[in-house]
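Summary of the model geometry
Listed below, chain by chain, are the residues.
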Amino acid sequence: MDIQCVSVLPRVCEVLAASGSSLPDDTSLEKLLDWFTATTNTGVSLLESAPCLLDFISNVAFSSTSGPGILSFTLKLTGLIAASEDGFKALEECSVLKLIFDPHHWKEAGLWEDPCLRIGWIQGLRKMLQHSKALRLFVQADLIEPLLQLQTDSSLFVSSAANQLLAHVLLLYQSLSSAGCNGANKRDLEHSGVSEQTIISCSGIITNVSEYLKKSLVLKESSHPPQSQQILKLLTLLLVQLRPPLQEQLLLTVIDSLEELVTKRWSLPLMDVILAANSSLQDDCVSKQQIVRLLSIMLYMKKPADVIQVAAAFLRSRQHDPTHAAYAAGVLLLPLDIATGISLLKTNSTGVDLRILMTEQLKSKSCISMICVCLTNIPQITVMAPDCLPCPQRLIVAAVLTFLRLCRGDSSSSSTACVEVSRFVTGSSKVQKCAMEALSELSKSPEAEALLADVFKLLTEYLNSPDSDPTVLQKSYKALINWIGVCRDFSSITDQLREGLMQAVRKRACDIRWEARDSTVEFLGHLAEVCPIGEEREPLKTLLGSCSFTIPLLKEALQDPESYVRASSIATLAQTLTFSWQQGAALTQEQEEIVTQLQEILSQDSEGFARRAVVKFFTAWFSSCPSPTSCSLLMQSVPSVLSQGVADLDWEVKLHTLELAELLLDKTFPERLPLHPYAVISNQPHTCHAGENESDLLCSLNSLVDQGVVPALLCGLVDCDRPVALKACQLLIKLRDTVSSLLVNAADPRVSCMLPGQSWVQEMRGNKDAHTQGAPHVGSESRDEAAEETPCTDGDAVCVSVCEVLRTLDLDKKLSVLMQSSDHIYNSPLSLLQDILTASTAASNPNSDPGQEVIVDCY
Amino acid sequence: MPEIKVTPLGAGQDVGRSCILVSIGGKNIMLDCGMHMGYNDDRRFPDFSYITQNGRLTDFLDCVIISHFHLDHCGALPYMSEMVGYDGPIYMTHPTKAICPILLEDFRKITVDKKGETNFFTSQMIKDCMKKVIPLNLHQTVQVDDELEIKAYYAGHVLGAAMVHIKVGSESVVYTGDYNMTPDRHLGAAWIDKCRPDILISESTYATTIRDSKRCRERDFLKKVHESIERGGKVLIPVFALGRAQELCILLETFWERMNLKAPIYFSTGLTEKANHYYKLFITWTNQKIRKTFVQRNMFEFKHIKAFDRSYADNPGPMVVFATPGMLHAGQSLQIFKKWAGNEKNMLDVKMQVEYMSFSAHADAKGIMQLIRMAEPRNMLLVHGEAAKMEFLKGKIEQEFSIDCYMPANGETTSVITNPSVPVDMSLNLLKREMALGGPLPDPKKPRAMHGTLIMKENSLKLVSSEQALKELGLNEHQLRFTCRVQLQDPHSDSDTLHRIYTHLKSLLKDYTIQHLPDGTVMVESIVIKVSSSAEDANSKVLLLSWSYQDEDLGSYLSSLLKKGLPT
């Protein structure tokens, strides 16, 4: 703990104990606690380093005049301190522990009503209950009773935390008692502080919990549903976390109640309990059979909406039970079977009754949510073993396709069920989205390729329709990409289909909604990624012609009024052109025009997204070119991209620019690249390369200056955005270490560069003050030695010698400063403590204007 | 009983972040999805695991509605939709949809600047999230699905801020978001229909304040800025790019004009243009005065306010600079701050001479009461305020309006039982018949009972006469009669027994029509009584009683009466 903090802490404690109402903001106490927790985690004893905390806790506990916020904090702090046995002992000695965790104490003070206090009580106990002494206190003070009452608290936060605490108590008991059983050696046990007495006295908890669960789960007319739901959540938690035999012991006490609930008041949390029990119980357990039976009862329920939920929950939980899994899959496919008229299921595989009831249910509005559950769970069905599947996956794909047609109002089937269902699902984007997701997933099915043409046709219909919701369009594109990605044989795609798709894409590229245009442009990018142009298998050519189709669309999108679309089109252009760059193909006239256009965007676009994309375009171009230096247009563009990019207003444009500079740097000094990701990188500066002579280095350095890399890095170094300056600093260190042999000579004016801006003058002056020796050489372009004292400025520009700058700038110091978070001062514990003191002074100052409240808001 | 449930996950007795769950008519709606600016970890976002434990959010929630672009109302949206996973509809007004990403980007920058940030979203996620947003127009009813509809109302506060009326069947809730009831220099005052919602969920930031006239506050602000400028100092005002900044810009611009001041005012580079762009785009959302003068002079093109450049901070002499939080944190204003921090003459809205001044536009106690009068809710629920202040306002509201007022803490659920009124059409015939009976003319203010047959057909309810119902449904009318046998010992002939019954009933039931008919029956109202002797025992008589369902009570009474036997 920082000495300064330790010295301030007593005053802070006084202030907190006296009045907690005048805190700087509502996070102060949590943050204070965070600091205490972090300190404890480093192994420091809180009480040893800050004994004032003990007084603070006593003050608050005995006076009980503090507000619920401070009390809650105090309870948590007490728990934190009592988590160590020493802390526990100290707190017990000043007899504060029992008092502070006694709910009656707080009830009498009228504070228990506040959920904030109850949360503090729970979390405090949770922190404290790490050792047997704490558990003994918990038992002796009979805290299990209030804890059980909190299980169904009116506050969701309290009841949920109470559930967790109860599970924790049982787990602690379990681990202590198993230490008791396995320890064998009594001395070992005593050594670990667990006496037999403790275990016996604690076993009462189990009885309490069992009785509580049994009582709470009895079906009563008056029982409040949300409360019993909370108990079911608790039971699931306990079944998942506890081990045998405790697990089964609890289950046995409630199994009859569960059976009654299963038959009379079904709910999803109840299903969770049964599933948790089924997967966590050993096969030889007494209650296992009963649980399996309950599971069957639930799965074979006749209420369509419920049984679908059960089937979905069952499949999601991945139980190893092929018979039930096959049935559950059948239930989930039933609505599709009925709605589409495609026989996915063998007759009567789910029972005639269910089919009749389901058919009826599909004639009502509630069919939407039921169908959505079916569709979203199709991925669970497709991963099932083929022998469990009720039908070949090909049929499921066909059914989803038919269903998607139904959603567009196109019901070719005359079955009454189809007509009824289509009344509700036509135009419902919720259902369409679910079905599209399912279709995407189904691309993975083994016989997918046979249906490619059908999928193509349907998706084109969706893309073509101006009624399709933008979110549905986005999912249609995703499905298309997934299907194209997995298919190898595109022979089924006729010219007509291809033309249809191209038309639809063209239409959506000038949709009135920017969301649709953006998804279209993004789709073209993804398409280029799944099947690059010119590759031998050339599916893209088959599908969408070639660049002659894509590029004009994208060029148009560069002018889009929405900056998101402009940015996407730039990114897509890069994705589309990557393959030809990789091949080293000569640039076309069109591509040259694009480069000019992109440079215009970089200098003129008012939105950051587009400018960021431009810089990334050049980065992609540079990195995919096998020999970038031989591409003259690229090399011509780079200096202007670097100079414009680094002077941009958007921090991400600047950062991306430095990434481009890094590529150039690595290209110039390739051997400096780490050879292996796990290679040990020496901390020592790289002094000299074998066979490398000074003139080569100078030459390389000069080229970096000419390309604009060095000016960009130097500009970046003084940038006001920390991530930018940090990146620049790291790259400059890299450069400095590479050319270190050049820096030995005091003044090497052979490489110099111009820097814009006043900031550099200051940076230099600052460094000059810091470095009495070896002041940097900052001179005019003519390298006039006489002008050394003051940097020569040409307007705003400054000329500097690169070697001198690299030698004299204390980059390592700068790096350590830049590595710090920008809020490190504000976020330090000391700052927090001072803020608390300041806030309390301000509040207690009678002269302060009462009307001038400190209101933290965002204008 | 149908009920509406409201559970705040945030903004329940606090002003940290707004996120309120509403269950109404089987639909689940999330109102706002805000971020708490005070934390660097997951605590800044609402804990969505409370909504569903293992199901997908999309399955549970029917829609998300965002009231305005402030991050404590929308900051967790990309996290929820792209990282936790929510695929359903998100609604916000057009200006909010346009401006939201700017603020989210600005905040994303701050998080990159800080270290130890966890779980933060990318630019792509912000975009993907925005693509799920369905824009709302004011006063336009949007059908989320067959049953759920929402309608946005003007809320003032910031450009694009809206209140929403959420309706399922006859149940409804209004959520105000942040609002103000007094117009300011660039925005109008909030307004809503008299929509009589079951619950009005209102913010209560200034629950106990009856604010001194805003002019005082403005005068104070101008005085302080002016004093600093006169001393030759520099003023740094941290603001969001959009929102109150425009209000302050207009204020300063007019003041500069009036006082003929020369000191330059700067706004962070690029942002003035952006702000102006949005104000021009959404001019209909500003107040009347601005809309009127827009043609002659654009109020958002300022004469004295110029774009700021880094190097200006070095300029000697007084100046005023507006800076955004993104800037304030690590960017330009941090540098400005460092530069100016040494000089006491400089005023900064942080510690050389730090002044916290509130210009946030929230409704004060008076405004909240005014809104209640406007909307006439059946219940009131307060959020986005401090517990103690809420408690005070709650008392006031319950006293003045005699309605229940709730203020759930985060995680607590308030349930309000609703008595939905079900609208029913009534047939003209039935109305005419009622009129013919001489009742008063129908009056919407005087409820009265009507009798008829209720038909539910194609999602509408209709009250018609039973004859019309039969006709419309193509049904035949059947008469339902109850019969019962009563055994009697009576040593007389059948006809004598019948007569004895007649006289007995005649003496008991004075007010009823009792007839002895020639066909050998006695009739009491619609009840028919016949007598027959048993074949074995002539003294033993069997009485047959038969009555229609209208006379069920009388029929049962007679049968029990006759079971007791006849007077000797």
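Residues numbered from 1 in each chain as written. Chains lettered and ligands numbered in written order. Predicted model: local features only at pLDDT ≥ 70, side-chain atom pairs only at ≥ 80, totals over all residues. Heavy atoms only, no water.

1. A word on the overall build of chain B
Within chain B, the regular secondary structure consists of 17 helices and 27 strands. Within chain B, buried positions represent 55% of all 568 residues. For chain B, the accessible area works out to roughly 25400 Å², and carbon and sulfur atoms hold 52% of it. (Helix = DSSP H or I, 4+ residues; strand = E, 2+ residues; numbered from the N terminus. Buried < 20%, exposed > 50% of the residue type's maximum accessible area, 1.4 Å probe, protein only. Areas by Shrake-Rupley, 256 points an atom, 1.4 Å probe, with all protein chains shown as cover.)

2. Quick notes on the nonpolar core
One finds A:L258, A:L375 and A:F403 to be the most contacted residues of the largest nonpolar core, which totals 356 residues. Of the residues forming this core, the biggest block, 12 residues, is contributed by helix 12 (residues 156-183) of chain A. Among residues more than four places away in sequence, those in contact with A:L375 are A:L336, A:V400, A:F403, A:V431, A:C434, A:A435 and A:A438. If you look at the next biggest cluster of nonpolar residues, it comprises 28 residues, including B:I20, B:V22, B:V142 and B:Y175. (Core = buried A, V, L, I, M, F, W, Y, C linked by side-chain atoms within 4.5 Å. Contact = heavy atoms within 4.5 Å.)

3. What about a nonpolar patch on the surface?
On the surface, a nonpolar cluster with roughly 260 Å² of combined accessible area is contributed by B:V422, B:V424 and B:L454. Assignment of secondary structure puts B:L454 in strand 21 (residues 453-457). (Patch = residues over 30% accessible without salt bridge, like charges linked within 9 Å, V, L, I, M, F, W, Y side chains within 5 Å. Salt bridge = Lys/Arg side-chain N within 4 Å of Asp/Glu carboxyl O.)

4. Observations concerning the sheet that holds strand 26 (residues 527-533) of chain B
Residue and element names in this part refer to chain B. In space, the five strands of this open sheet follow the order 23-27-26-25-24, with antiparallel pairing throughout. Lying at the two open borders of the sheet, with one neighbouring strand each, are strand 23 (481-489) and strand 24 (514-517). The mean angle between the axes of side-by-side strands here comes to 20 degrees, regardless of whether they run parallel or antiparallel. The pairing of strand 25 (residues 521-524) with strand 26 spans three bridges and is antiparallel. Note that in strand 26 the partner of M523 across the bridge is V528. Sheet contacts for helix 16 (residues 494-508): strand 24, strand 25, strand 26 and strand 27 (540-548); angle to strand 26, the most-contacted strand, approximately 145 degrees. In the packing of helix 17 (residues 552-563) onto the sheet, the strands contacted are strand 23, strand 25, strand 26 and strand 27, and the crossing angle to strand 27 comes to about 170 degrees. (Pairing = 2+ DSSP bridges. Axes fitted to C-alpha atoms, helices over the stretch in contact; angles between N-to-C directions.)

5. Section: the confidence of the model for chain A
All names here are of chain A. Per-residue pLDDT for chain A has a mean of 83; in total, 84% of the residues score no lower than 70. Below a pLDDT of 50 lies the segment residues 673-677, which in the model reaches one contact outside its immediate sequence neighbourhood of four places, other chains included. A low-confidence stretch, residues 848-859 stays under pLDDT 50, and its non-local contacts, those more than four residues away or across chains, total 25 contacts. (pLDDT = per-residue confidence, 0-100.)

6. Focus: helix 22 (residues 367-376) of chain A
The buried fraction of helix 22 of chain A amounts to eight of the 10 residues, a majority that puts the element mostly inside the structure. For helix 22 of chain A, the complete set of buried residues consists of A:C367, A:I368, A:M370, A:I371, A:C372, A:V373, A:C374 and A:L375.

7. Description of the environment of A:T572
Residue and element names in this part refer to chain A. Note that T572 resides in helix 33 (residues 563-582). Taking the relative accessible area as the measure of exposure, T572 reaches 2% and is therefore buried. Along the primary structure T572 and F523 are separated by 49 residues, whereas in three dimensions their C-alpha atoms are 8.5 Å apart. Leave out the neighbours within four places in its chain, and T572 touches V521, E522, L524, G525 and L554. A distance of 3.0 Å separates a polar side-chain atom of T572 from the backbone oxygen of V521. (Polar contact = N/O pair within 3.5 Å; in protein donor to acceptor, adjacent residues only side chain to side chain.)

8. Comments concerning the packing of aromatic side chains
Overall, the coordinates contain 23 aromatic pairs over all chains when judged by the stated rule. Plain terms: the ring middles of B:F120 and B:F121 are 4.2 Å apart, the flat faces sit at 35 degrees to each other, and that makes the pair tilted. By relative accessible area, B:F121 is classed as buried at 2%. By way of ring pairs, the aromatic residues B:F45, B:F48, B:Y79, B:F107, B:F120 and B:F121 are connected into one cluster. The positively charged end of A:R408 is found above the aromatic ring belonging to A:Y462, 5.8 Å away from the centroid. (Phe/Tyr/Trp six-rings, centres within 6.5 Å; stacked < 30°, edge-to-face > 60°. Lys NZ or Arg CZ within 6 Å of the ring centre and 35° of its normal.)

9. Concerning the packing of helix 20 (residues 322-340) of chain A against helix 21 (residues 352-361) of chain A
When two helices pack together, their arrangement is given by the angle between the helix axes and the distance between those axes. Residues and elements named next belong to chain A. Here helix 20 crosses helix 21 at 45 degrees, and the two axes come no closer than 10 Å. Compared by their axis directions, helix 20 and helix 21 come out oblique. Here helix 20 runs over helix 21; the crossing is right-handed. Listed contacts from helix 21 to Y327, V331, L334, P335, D337 and I338 of helix 20 are L354, R355, M358 and T359. When its residues are assigned to classes, the contact of helix 20 with helix 21 shows seven nonpolar, one polar and two charged. (Parallel < 35°, antiparallel > 145°, perpendicular 65-115°, else oblique. Left-handed = near helix turned anticlockwise from the far one by under 90°. Nonpolar A, V, L, I, M, F, W, Y, C, P; charged D, E, K, R; others polar.)

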